[in-house]
Amino acid sequence: MKPYTLLDIFGQGAWNGGTLVDNTNFEKLAMAFKGGIPVTDESIRDRIGVRTRISAPEDVRIGEIALQNLLDEVEMDPERIKLIIGATNVGEDKQDPGPLVKHPHAQIKDRCPNATALDLYAGCPGFNVAVELLFMLSLGGILKKDDISIIVGAENLHRAKAFQSHDTATIIFGDDAVATALKTRTTVRPQGSHTCGDRITIPVSDTFVEDIAAVLCERVGSANWDGIIVDNQLGRIEHRAPAIAARIQQAFVEKQYPEMAAAGIFGKFRDALAFYDQHINAFAFDIMSLDKDPGFVEKIGRAYTESGKYSDILTIYLDPETGIVIQHHHGRKYRFQPPAYGIIDTATRTHGCFGSFIQAITVGGEVFGEMDGKGVFLYATRGAAAHLSALLMRNQLSIADIDLLVEHQANFAMLPMTLLQLLAESPDPDLAVREFLADKMVTNIHTRGNCSVVCMQRLPYDLHRDALEPDEIQGFPVNRNLAALKNAGNILHDSVGAGMTRSSFLRRVKTTPE
């Protein structure tokens, strides 16, 4: 097969307003980090690397502004827009029953009458998972040549009051919204065999996660499976963080391996990570379709199996009014033909055993986010090497071949620790980490904080509009090679978040010799 481009990013727009909030705002609150360390400007910089973050107004929807900016700045035919994805965690209003994408969709639905709209809930890797979803729909032939898809990432965490006022997690996060347009460049006609069993329908009970896991165990047994996708119509944030699919994954795994559950393996980080890495190579995420069509998630499941990358996908439609619909999709003899340019490969894995590391809890009748900072840090750093090495190796690449690494900005201290896992075989790992961080990465956590799911869109957007500057964070030089990074050829996007899920994709850009 001739080298081809299947799917690629061709434009971005953003909300670029808000108020700059520095660390002195938190010094006044008499807060303390774990261990009783007082929250000061110095301790925030030392522990997290954040100096400032952006706070959005409470009376605007920044996702709509980002989408409008995309439409104003990037030439496209709105009638070619086939899919609009809201990639979000909390969004702009934690009381909104969703899908949150309905607001930006309302802006343009008259100009793109054939567009399908949905939210995607996969924690901070939501943008990367959305890119993989579009990659699968393109490989499965659902998205065709010249079809346009738009991913709108919007997190107005201050307006939504995502965390309790005394929770130090409030220090980390900033508000942001970016919209990214992708175009399918080739129409693929999959060749293979797709089968699916009969639909199984059960009612929604208070134990629906366990009920679904029991059905999956009966249907799949001990066989391998590649992913769980849930169209989650429950409409409450406590049912989105972590994704219902991640909870089902862990309940299913406990039924498949009862002896491991009885031994308490899943409550021990090192043992649970090793077990999942050896036995459970699968992803889990939720969508929430605007049209409430049970057939849509089944169409997605089929596309995943027809991509040639996955063979067994479990789809679930979950609606408190109509019940639960479960299907098992199986693909045979499909062959993945890696594109030469654009998005060339993707990888997503979920470790549902760590779902409690980032979750929504109810306090006094109100829902807030809760994070296990140590657990998140361990998962983000220790899970990097196996996941990213596998993605790179199957594309005949190593970390040395990557020209630009776009890494989630959760906590600056995570970045060198993650790189150390990837560069451990270097003659001088510490020096290799410093040079890679300075010359092959872009960083903005010090100026914008952790912008949740929007991080992965904001970093390349700001790189190409010259909004980043060289600096030093916690003794590490950053953003030292910006001019060269704007012309990067091999680009790796990697993000970690609630689920716990890690999602990554490789993008190759045709470069012009100087």
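For the structure itself, look to the data block above.
Because the structure is a prediction, the values reported are computed rather than measured. (Residues numbered from 1 in each chain as written. Predicted model: local features only at pLDDT ≥ 70, side-chain atom pairs only at ≥ 80, totals over all residues. Heavy atoms only, no water.)

**Some remarks on the pattern of salt bridges**
For step 1, the next point in the chain: As enumerated under the stated definition, the model contains 23 salt bridges in all.
For step 2, the next point in the chain: The closest approach of N and O atoms between Lys255 and Glu210, which form a salt bridge, is 3.5 Å. Placement of the pair is Lys255 in helix H9 (residues 244-256) and Glu210 in helix H8 (residues 208-220), with a sequence separation of 45 residues.
For step 3, the next point in the chain: A relative accessible area of 32% means that Lys255 is categorised as partly exposed.
For step 4, the next point in the chain: For Arg480, the salt bridge identified is with Asp439, shortest N-O distance 2.9 Å. Highlighted residues: Arg480 in the loop between strand S19 (476-478) and helix H19 (482-485) and Asp439 in helix H16 (residues 429-439), separated in sequence by 41 residues.
For step 5, the next point in the chain: The class for Arg480 is partly exposed, based on a relative accessible area of 47%. (Salt bridge = Lys/Arg side-chain N within 4 Å of Asp/Glu carboxyl O. Helix = DSSP H or I, 4+ residues; strand = E, 2+ residues; numbered from the N terminus. Buried < 20%, exposed > 50% of the residue type's maximum accessible area, 1.4 Å probe, protein only.)

**A few points about the packing of aromatic side chains**
For step 1, the next point in the chain: Using the criterion set out here, one finds 17 aromatic pairs in the structure.
For step 2, the next point in the chain: Among the aromatic side chains, those forming a connected cluster through ring pairs are Tyr257, Phe266, Phe275 and Tyr276.
For step 3, the next point in the chain: Here the basic side chain of Lys309 rests over the ring of Tyr310, its NZ or CZ set 5.9 Å away from the ring centre.
For step 4, the next point in the chain: We note Lys510 situated over the ring of Tyr341; from NZ or CZ to the ring centre the distance is 4.9 Å. (Phe/Tyr/Trp six-rings, centres within 6.5 Å; stacked < 30°, edge-to-face > 60°. Lys NZ or Arg CZ within 6 Å of the ring centre and 35° of its normal.)

**Focus on the pairing of strand S1 (residues 7-14)**
Where a strand is regular, its side chains alternate between the two sheet faces.
For step 1, the next point in the chain: Most of S1 sits inside the fold, with seven of its eight residues counted as buried.
For step 2, the next point in the chain: Here seven bridges tie S1 to strand S7 (residues 176-184), and the two strands are oriented antiparallel to one another. Following the sheet pairing, Leu7 is matched in S7 by Thr184. (Pairing = 2+ DSSP bridges.)

**Some details on the nonpolar core**
For step 1, the next point in the chain: One finds Ile85, Leu120, Ile151, Phe285 and Tyr304 to be the most contacted residues of the largest nonpolar core, which totals 58 residues.
For step 2, the next point in the chain: A per-element tally of this core places helix H5 (residues 126-139) first, with 10 residues.
For step 3, the next point in the chain: Residue contacts for Phe285: discarding those within four places in its chain leaves Leu120, Tyr121, Ala122, Val129, Ile228, Ile229, Val230, Ala243, Ala245 and Tyr304. (Core = buried A, V, L, I, M, F, W, Y, C linked by side-chain atoms within 4.5 Å. Contact = heavy atoms within 4.5 Å.)

**Here we look at the sheet that holds strand S21 (residues 501-508)**
For step 1, the next point in the chain: Spatially, S14-S21-S20-S17 is the arrangement adopted by the four strands of the open sheet, whose pairing is mixed. One side of each edge strand has no neighbouring strand; the edge strands of this open sheet are strand S14 (342-350) and strand S17 (404-407). Across this sheet, the average inter-strand angle for adjacent strands is 15°, counted without regard to direction.
For step 2, the next point in the chain: When strand S20 (residues 490-497) meets S21, the two strands line up antiparallel, connected through eight bridges. Across the sheet, Val496 pairs through a bridge with Arg502, a residue of S21.
For step 3, the next point in the chain: The strands that helix H18 (residues 455-464) touches are S17 and S20; relative to S17, the one it contacts most, it runs at about 135°. (Axes fitted to C-alpha atoms, helices over the stretch in contact; angles between N-to-C directions.)

**Concerning the environment of Gly364**
For step 1, the next point in the chain: On the secondary structure map, Gly364 appears in the loop between strand S15 (358-363) and strand S16 (366-371).
For step 2, the next point in the chain: Residues Gly364 and Asp319 lie 45 residues apart in sequence; the distance between their C-alpha atoms is 27 Å.

**Focus on a positive patch on the surface**
For step 1, the next point in the chain: Together, Lys34, Arg270, Lys374 and Arg382 make up a positively charged patch on the protein surface.
For step 2, the next point in the chain: Relative to the assigned elements, Arg382 resides in helix H13 (residues 373-382). (Patch = residues over 30% accessible without salt bridge, like charges linked within 9 Å, V, L, I, M, F, W, Y side chains within 5 Å. Areas by Shrake-Rupley, 256 points an atom, 1.4 Å probe, with all protein chains shown as cover. Lys, Arg positive; Asp, Glu negative; His and termini not counted. Charge placed at Lys NZ, Arg CZ, Asp CG, Glu CD.)

**Quick notes on the packing of H8 against H9**
For step 1, the next point in the chain: For the pair H8 and H9, interaxial distance at closest approach is 8 Å and the crossing angle is 55°. Comparing the axis directions of H8 and H9 gives the class oblique. Considering how the two elements wind past one another, H8 and H9 form a crossing that is right-handed. Contacts between H8 and H9 pair Phe208, Val209, Glu210, Ile212, Ala213, Ala214, Leu216, Cys217 and Val220 from the former with Ile244, Arg247, Ile248, Ala251, Phe252, Lys255 and Gln256 from the latter.
For step 2, the next point in the chain: Per-class residue counts for the contact of H8 with H9 are 12 nonpolar, one polar and three charged. (Parallel < 35°, antiparallel > 145°, perpendicular 65-115°, else oblique. Left-handed = near helix turned anticlockwise from the far one by under 90°. Nonpolar A, V, L, I, M, F, W, Y, C, P; charged D, E, K, R; others polar.)

**Looking at the side chain of Asp175**
For step 1, the next point in the chain: Summarising the element assignment, Asp175 is placed in the loop between helix H7 (169-172) and S7.
For step 2, the next point in the chain: No salt bridge is formed by the buried Asp175, whose closest oppositely charged neighbour, Arg448, lies at an N-O distance of 8.8 Å.
For step 3, the next point in the chain: A polar side-chain atom of Asp175 sits 2.7 Å from the main-chain amide nitrogen of Leu157.
For step 4, the next point in the chain: Not counting chain neighbours up to four residues away, the residues in contact with Asp175 comprise Trp15, Ile54, Ser55, Ala56, Glu155, Asn156, Leu157, His158, Arg448 and Cys451. (Polar contact = N/O pair within 3.5 Å; in protein donor to acceptor, adjacent residues only side chain to side chain.)

**Observations concerning the state of the cysteines**
For step 1, the next point in the chain: Per the stated rule, a full pass over the model turns up zero disulfides.
For step 2, the next point in the chain: Considering cysteine sulfurs only, Cys455 is the nearest to Cys124, which forms no disulfide, with 6.7 Å between them.
For step 3, the next point in the chain: Considering cysteine sulfurs only, Cys217 is the nearest to Cys353, which forms no disulfide, with 17 Å between them. (Disulfide = S-S within 2.5 Å.)

**Section: the side chain of Ser55**
For step 1, the next point in the chain: Tracing the sequence through the fold places Ser55 in strand S3 (residues 52-55).
For step 2, the next point in the chain: If near-sequence neighbours (up to four positions away) are discounted, Ser55 is found in contact with Gly18, Thr19, Val21, His158 and Asp175.

**Description of unusual backbone geometry**
For step 1, the next point in the chain: In the segment running from Gly98 into Pro99, the intervening peptide bond is cis, with an omega of -5°.
For step 2, the next point in the chain: Cis geometry marks the peptide bond from Gly499 to Met500; its omega dihedral reads -10°.
For step 3, the next point in the chain: In the Ramachandran plot, Lys292 falls in the positive-phi region, its phi being about 55° despite a non-glycine side chain.
For step 4, the next point in the chain: Following the sequence through the fold, Lys292 ends up in the loop between strand S11 (283-289) and helix H12 (294-306).
For step 5, the next point in the chain: Positive phi values are uncommon outside glycine, yet Lys333 reaches one of about 70°.
For step 6, the next point in the chain: Judged by relative accessible area, which is 69%, Lys333 ranks as exposed.

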